[in-house]
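This is what each chain is made of:
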Amino acid sequence: MLKKTLAGIATGALLLGAAACGGGDDEGGGGSDGLVVGFAQVGAESAWRTANSDSVRDSADADDRIADLQFVDAQQQQEKQIEAIRNFITQKVDVIVLAPVVETGWTDVLTDAEQAGIPVILADRGIEEADEDLYVTRIGSDFVEEGRKAGTWTVEEFAENETTGILQLEGTVGSAPANDREAGFFEILDGEDFSYELVDSQSGDFTAEGGKAVMETFISTHGLEDIDLLYAHNDEMGLGAIQAIEEAGYEPGTDIQIIIVDGSKAGFQAGVDGKLNYIVECNPVFGDQLMDLVVQVADGADVEKFTPVVEDAFGVDEFEAELPNRQF
Ligand code: GZL
């Protein structure tokens, strides 16, 4: 079977060839040739995101149950994701997969998908509880647990401090990973007999440029003398912050300890180089699991509301051994 994967096409251009993409009957949809899936991806802002897109595309291409994966890179813009979903509805795809860039603003478009009889699966990030009936299931990480892992390490690492000065580099404002990684982290810190000061916290939008710029502001505003820890919600922002810390004449990983979340090759290499201290893994490689969910949902099978992906966390003694295993 000819496999067609429309990769990396911005919204708008994608759907002109709708007729060429239908998986089968003139009603659109999968028919006997397999399922037609519309995937509205966040963007390409990080190594994690690229690995996630590659995993989903590769799994769709390799799966004979999937006739087409129509992929839209929304460039971290919700309006582009909403436009893509509306186009998927027009095309009558069999299943819509959405990685929602933020948690809110989905009610209208997901209601339209529901009224069109097209099931929605969330991949990676979640949406606000009020809209949870508008999607069938979410596959991804438990972001609160990722934050708890970072918090637990922090409480242990700085147990002897009278008080611990913390800077936080938040992910995209309003996104589930940013909200939940913060919630989990401070749930642990506030639940322990642990004295800390959150000196500053700003969003770097999950990008290296954003992380560097915000860290430069942190340094110029506060200096690093009273800062013990930087908690960065993803690798890119942490690596950007490391550049700013070095350019200011400080030693990352020593003058200021650093936690990152994702676990990219570049993140682990920085750890091997002694520039950061703890890595919480966030696993982007779930394409095969997602395709199984797509088929089950298209068949109307009962599925769990949440399918967690397996992930770990690593300290300085583990970085070198784990680096060769990293997939992105
Ligand atoms: C987490 C994912 C986040 C990554 C970032 O599942 O949504 O978005 O942690 C990415 O690297 O930008």
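Residues numbered from 1 in each chain as written. Predicted model: local features only at pLDDT ≥ 70, side-chain atom pairs only at ≥ 80, totals over all residues. Heavy atoms only, no water.

Peer 1: Can you walk me through the site of the ligand in this structure?
Peer 2: Neighbouring the ligand are 13 residues, the closest being Glu45, Asp124, Arg125, Arg181 and Asp262. The side chain of Arg49 places a nitrogen or oxygen atom 3.0 Å from an oxygen atom of the ligand. At a separation of 2.4 Å, an oxygen atom of the ligand approaches a polar side-chain atom of Asp124. About the coverage of the ligand: the protein hides 100% of its 320 Å² of free accessible area. Spatially, the ligand is embedded in the largest cavity. Looking at the shell around the ligand, the elements with two or more residues in it are helix H2 (47–62) and helix H6 (176–191). A domain-level breakdown of the shell around the ligand finds at least three residues from each of domain 1 (4–140 + 284–309) and domain 2 (143–282). (Near = heavy atom within 4 Å. Polar contact = N/O pair within 3.5 Å; in protein donor to acceptor, adjacent residues only side chain to side chain. Areas by Shrake-Rupley, 256 points an atom, 1.4 Å probe, with all protein chains shown as cover. 1 Å grid on protein atoms, 1.4 Å probe; cavity = no way out; pocket = protein on both sides within 12 Å on 5 of 7 lines; lining within 4 Å. Sits in = over half its atoms within 2 Å of the grid points. Helix = DSSP H or I, 4+ residues; strand = E, 2+ residues; numbered from the N terminus. Domains from an automatic or database assignment.)

Peer 1: When you look at unusual backbone geometry in this model, what are you seeing that I'm missing?
Peer 2: Backbone phi values are negative for most residues with the exception of glycine, while trans is the configuration of most peptide bonds. Backbone geometry places Gln76, a non-glycine residue, at a positive phi of 60 degrees. Summarising the element assignment, Gln76 is placed in the loop between strand S3 (66–73) and helix H3 (78–91). Positive phi values are uncommon outside glycine, yet Lys92 reaches one of about 60 degrees. As for its placement among the helices and strands, Lys92 is situated in the loop between H3 and strand S4 (95–98).

Peer 1: I'm lost on the environment of Asp131 in this one. Help?
Peer 2: As for its position among the elements, Asp131 is in the loop between strand S5 (120–123) and strand S6 (137–140). According to the relative accessible area criterion, Asp131 is buried, its value standing at 4%. Distance in space between the C-alpha atoms of Asp131 and Leu110 is 8.5 Å, their sequence separation being 21 residues. Setting aside chain neighbours within four positions, we find Asp131 in contact with Trp106 and Thr107. (Buried < 20%, exposed > 50% of the residue type's maximum accessible area, 1.4 Å probe, protein only. Contact = heavy atoms within 4.5 Å.)

Peer 1: Looking at this model, I keep getting lost on empty space enclosed by the protein. Mind explaining?
Peer 2: A probe as big as a water molecule, rolled over the atoms, marks out the empty space that is left. In this structure the tally under the stated criterion is one cavity of 30 Å³ or more. Of the pockets and cavities examined, the largest cavity occupies roughly 80 Å³. Residue lining of the largest cavity: 13 residues in total, with Trp48, Arg49, Arg125, Arg181 and Asp262 positioned closest to the centre. Only H2 and H6 provide two or more residues apiece to the lining of the largest cavity. When its residues are assigned to classes, the lining of the largest cavity shows five nonpolar, two polar and six charged. Here the lining of the largest cavity spans two domains, and each of domain 1 (4–140 + 284–309) and domain 2 (143–282) adds at least three residues to it. (Points joined across faces, edges and corners; volume = space filled by probe spheres on them. Nonpolar A, V, L, I, M, F, W, Y, C, P; charged D, E, K, R; others polar.)

Peer 1: Before we go on, may I ask you to explain the sheet that holds strand S7 (residues 164–170) in this structure?
Peer 2: Pairing within the open sheet is mixed, and its six strands lie in the order S8-S7-S9-S10-S11-S13. Two strands in the sheet have a free side with no partner beyond their single neighbour: strand S8 (196–203) and strand S13 (313–315). Across the sheet, the mean angle separating the axes of adjacent strands is 15 degrees when strand polarity is ignored. (Pairing = 2+ DSSP bridges. Axes fitted to C-alpha atoms, helices over the stretch in contact; angles between N-to-C directions.)

Peer 1: Teacher, can you tell me more about the packing of helix H7 (residues 208–222) against helix H8 (residues 235–247) here?
Peer 2: In a packed pair of helices, the relevant descriptors are the angle between the two axes and the axis-to-axis distance. Axis separation between H7 and H8 bottoms out at 7 Å; the angle between their running directions is 40 degrees. For the element pair H7 / H8, the angle class is oblique. Here H7 runs over H8; the crossing is right-handed. Between H7 and H8, the residues in contact are Ala208, Gly211, Lys212, Met215, Glu216 and Ile219 and Glu236, Met237, Gly240, Ala241, Gln243, Ala244, Ile245 and Glu247, respectively. The residue inventory of the contact of H7 with H8, partitioned by class, reads seven nonpolar, three polar and four charged. (Parallel < 35°, antiparallel > 145°, perpendicular 65-115°, else oblique. Left-handed = near helix turned anticlockwise from the far one by under 90°.)

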